[in-house]
Amino acid sequence: MRLLKRAFVIMVLGASMLVAKPTIYILATGGTIAGSGDSALSGSYTSGTVTVDKLIAAVPEINEIATIKGEQIAQIGSQAMNDEVWLKLADRVNALLNDGGVDGIVITHGTDTMEESAYFLNLVTKSKKPVVLVGAMRSGTSMSADGPLNIYNAVNVAMDKASAGKGVLVVMNDKIHAAREVTKTATTAVDTFKSPNTGNIGTVNYGIVNYYLQPTRKHTVSSDFSVKGLKELPRVDVIFGHTNQTADFVETAIEKGAKGIVLAGVGNGNPYPSVEEALIKAAAQGIVVVRTSRTGSGSTSVGAEVDDAKYGFVTSDNLNAAKARVLLQLALTKTNEPSKIQKFYKEY
Ligand code: GLU
């Protein structure tokens, strides 16, 4: 009798394990993926008009593979992304992932600044569970809209055990990218997302996930950064380098109280001479100056043509200017000592 009972319990448990679907939260922030326009053949549309419930309803297949829950965090084009939404998003991601019942999170996001939000979350999420950002290049009303399959793929990536511990991920156009590496490289092309320094770390084709690379820099549970108790982030400005440049923007950044300045310099992160002079003044006043490159790939070398040691400048390794800005904002919550911040750029 007792054996029979035990067999019955094992059968019931086994059956429930077979049918148990992972719970995936979809946190919506807006963007083209939630955009709509008047015509299937027009590039003109409004971002963030479709709510999370409608986004989920447009991809009914995801309900077959996971228990899907949706929350609206914001409803903006990602050109309007800001520190307030980041902090709200990070708090919610951490609260959900520390709840035993949540297996992974998909964040729908505009593509313009997706790389910055992904890298920010990569540095402040306190969990190994998958967090996947996804977007679309064509709105839901466009011919060949890419959003629904991107969402289906993102949910599959968020459910996949192999996605755990890889930091925050970006899924677009059948590719899985690491948050640190990914960048938007073209204005309207569906294959705009690339990881120029390393390549994408995996692929996802109609929900079939394959990984080929492992991110090696510190992220999520090994990151020293946290949003706990943070109400705002320090101001960091990016200055874009070019020929025949004035020092005006650097001077304005100093006047307006920037705590850090990122130079997207020419070539190997080089400043125009008048800009260099202004940056030297900024660094002397305790503003952290980070040199990076406007070229789109490669590392900015320490001390190649600029005497970083003499002026107390920092270089961004191979982070692009937008991501160097994110890391500097978080670094400044810990220290404004350039040598310590230089170490962060080697670790993250
Ligand atoms: N500017 C919009 C955004 O980033 C459109 C780009 C997109 O989502 O593809 O939200």
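Residues numbered from 1 in each chain as written. Predicted model: local features only at pLDDT ≥ 70, side-chain atom pairs only at ≥ 80, totals over all residues. Heavy atoms only, no water.

Here is the rule we go by: UniProt positions are given in the numbering used here, feature names are shortened, and annotations may be inferred rather than shown by experiment.
The chain is annotated in an unreviewed UniProt entry as L-asparagine amidohydrolase of Campylobacter corcagiensis. Under Sequence similarities (unreviewed entry), UniProt gives the following word-for-word description of the chain: "Belongs to the asparaginase 1 family."

1. Focus: the overall build of the chain
Our working rule: Only DSSP runs of H or I reaching four residues or more are called helices, and only runs of E reaching two or more are called strands; each is numbered from the N terminus. Here the globule rule is a power law, 2.2 Å times the number of residues to the power 0.38, and the radius of gyration is based on C-alpha atoms. Think of it in three bands: with a 1.4 Å probe and only protein chains considered, a residue is buried below 20% of the maximum accessible area for its type, exposed above 50%, and partly exposed in between. Whether two residues are in contact is decided by their heavy atoms, any of which lying within 4.5 Å being enough. A 1.4 Å probe and the Shrake-Rupley method give the accessible areas. Residues count as covered only by the protein chains that appear here. Counted charges follow a simple rule, with Lys and Arg positive, Asp and Glu negative, and His plus the chain ends left uncounted. Note that the charge is assigned to NZ on lysines, CZ on arginines, CG on aspartates and CD on glutamates.
Looking only at helices and strands, the chain has eleven helices and 14 strands in total. For the chain, the C-alpha radius of gyration of 22 Å lies close to 20 Å, the compact-globule estimate for 348 residues. Expressed as lengths along the three principal axes of its C-alpha atoms, the size of the chain is roughly 85 × 55 × 35 Å. Residues classed as buried in the chain amount to 50% of the 348 residues present. Look at the contacts in the chain between residues 6 or more apart in sequence, and 72% of them connect residues 24 or more apart. With an accessible surface of roughly 16000 Å², the chain has 54% of that area assigned to carbon and sulfur atoms. Computed over 35 positive and 32 negative side-chain charges, the separation of the two mean positions in the chain equals 9 Å.

2. Here's the deal with the site of the ligand
Cut-off, in case you're wondering: The rule for a residue being near a molecule or strand is that one of its heavy atoms must lie within 4 Å of it. Pairs of N or O atoms are called polar contacts if they sit within 3.5 Å, as long as, within protein, a hydrogen donor faces a hydrogen acceptor (for residues adjacent in sequence, only side-chain-to-side-chain pairs). Residues are grouped as follows: nonpolar covers Ala, Val, Leu, Ile, Met, Phe, Trp, Tyr, Cys and Pro; charged covers Asp, Glu, Lys and Arg; every other residue, Gly included, is treated as polar.
Around the ligand lies a shell of eleven residues, among which Thr-32, Ser-78, Gln-79, Thr-111 and Asp-112 are the nearest. Contact between the ligand and Gln-79: a nitrogen atom at 2.8 Å from a side-chain N or O atom of the residue. Contact distances for the ligand include 2.5 Å between a nitrogen atom and a side-chain N or O atom of Asp-112. A class-by-class count of the residues in the shell around the ligand yields two nonpolar, eight polar and one charged.

3. With respect to the sheet that holds strand S12 (residues 260-265)
For clarity, the cut-off: Between any two strands, at least two bridges found by DSSP are needed for them to pair.
The parallel open sheet is built from four strands, whose spatial order is S11-S12-S13-S14. One side of each edge strand has no neighbouring strand; the edge strands of this open sheet are strand S11 (236-240) and strand S14 (314-315). Pairing geometry for strand S13 (residues 288-293) and S14, over two bridges, is parallel. Across the sheet, the residue bridging to Val-290 is Val-314, located in S14.

4. Quick look at unusual backbone geometry
For Asp-174, which is not glycine, the phi dihedral falls at a positive 70°. For Asp-174, the position within the fold is in the loop between strand S5 (169-172) and strand S6 (175-178). Of note, the phi angle at Thr-220 is positive, near 35°, even though the residue is not glycine. In this structure, Thr-220 sits in the loop between strand S10 (208-211) and S11. By relative accessible area, which is 4% here, Thr-220 ends up buried.

5. So, the packing of aromatic side chains
Which entries qualify depends on this criterion: Working definition: a ring pair exists when centres of Phe, Tyr or Trp rings (six-membered ring for Trp) sit within 6.5 Å. Plane angles under 30 degrees give stacked, over 60 give edge-to-face, the rest tilted.
One pass over the full model with this rule turns up five aromatic pairs. Look at Trp-86 and Phe-120: their rings are 4.6 Å apart centre to centre, the planes differ by 15°, and that puts the pair in the stacked class. Of the two residues, Trp-86 is situated in helix H4 (residues 83-97) and Phe-120 in helix H5 (residues 114-124); the sequence distance between them amounts to 34 residues. The exposure classification of Trp-86 matches that of Phe-120, with both residues buried.

6. Observations regarding the UniProt feature "active site" (unreviewed entry) in the chain
In the numbering used here, UniProt assigns the "active site" (unreviewed entry) feature to Thr-32 and Thr-111. What stands out for the annotated residues spanning 80 residues is how close their C-alpha atoms remain, the widest pair being 7.5 Å apart. Looking at the secondary structure, you find Thr-32 in the loop between strand S1 (23-30) and helix H2 (52-57). Mapping Thr-111 onto the fold places it in the loop between strand S3 (104-108) and H5. A relative accessible area of 4% means that Thr-111 is categorised as buried.

7. Some words on the pattern of salt bridges
Put simply, the test is: Whenever Lys or Arg places a side-chain nitrogen within 4 Å of a carboxyl oxygen from Asp or Glu, that contact is recorded as a salt bridge.
Applying the stated criterion across every chain, the model contains twelve salt bridges. Salt bridges sharing partners connect three or more residues here, namely Arg-180, Glu-181, Arg-217, Asp-317 and Lys-346.

8. Thoughts on the pairing of S13
Of all six residues that make up S13, six are buried, and the element is covered over most of its length. Taking every second residue as pointing to the same face, both faces of S13 are buried, with Val-288, Val-290 and Thr-292 on one and Val-289, Arg-291 and Ser-293 on the other. Judged from the six bridges that link them, S12 and S13 form a sheet pairing that is parallel. Bridged to Ala-264 within S13 is Thr-292.

9. Digging into the pairing of strand S9 (residues 202-205)
Here S9 shows one buried face, formed by Gly-202 and Val-204, and one open face, formed by Thr-203 and Asn-205. Pairing between S6 and S9: two bridges, direction antiparallel. Counterpart to Ile-176 in the pairing with S9 is Gly-202. Of the pairings in the sheet, the one linking S9 to S10 comprises four bridges and is antiparallel in character. In the strand pairing of S10, Asn-205 is matched with Ile-208.

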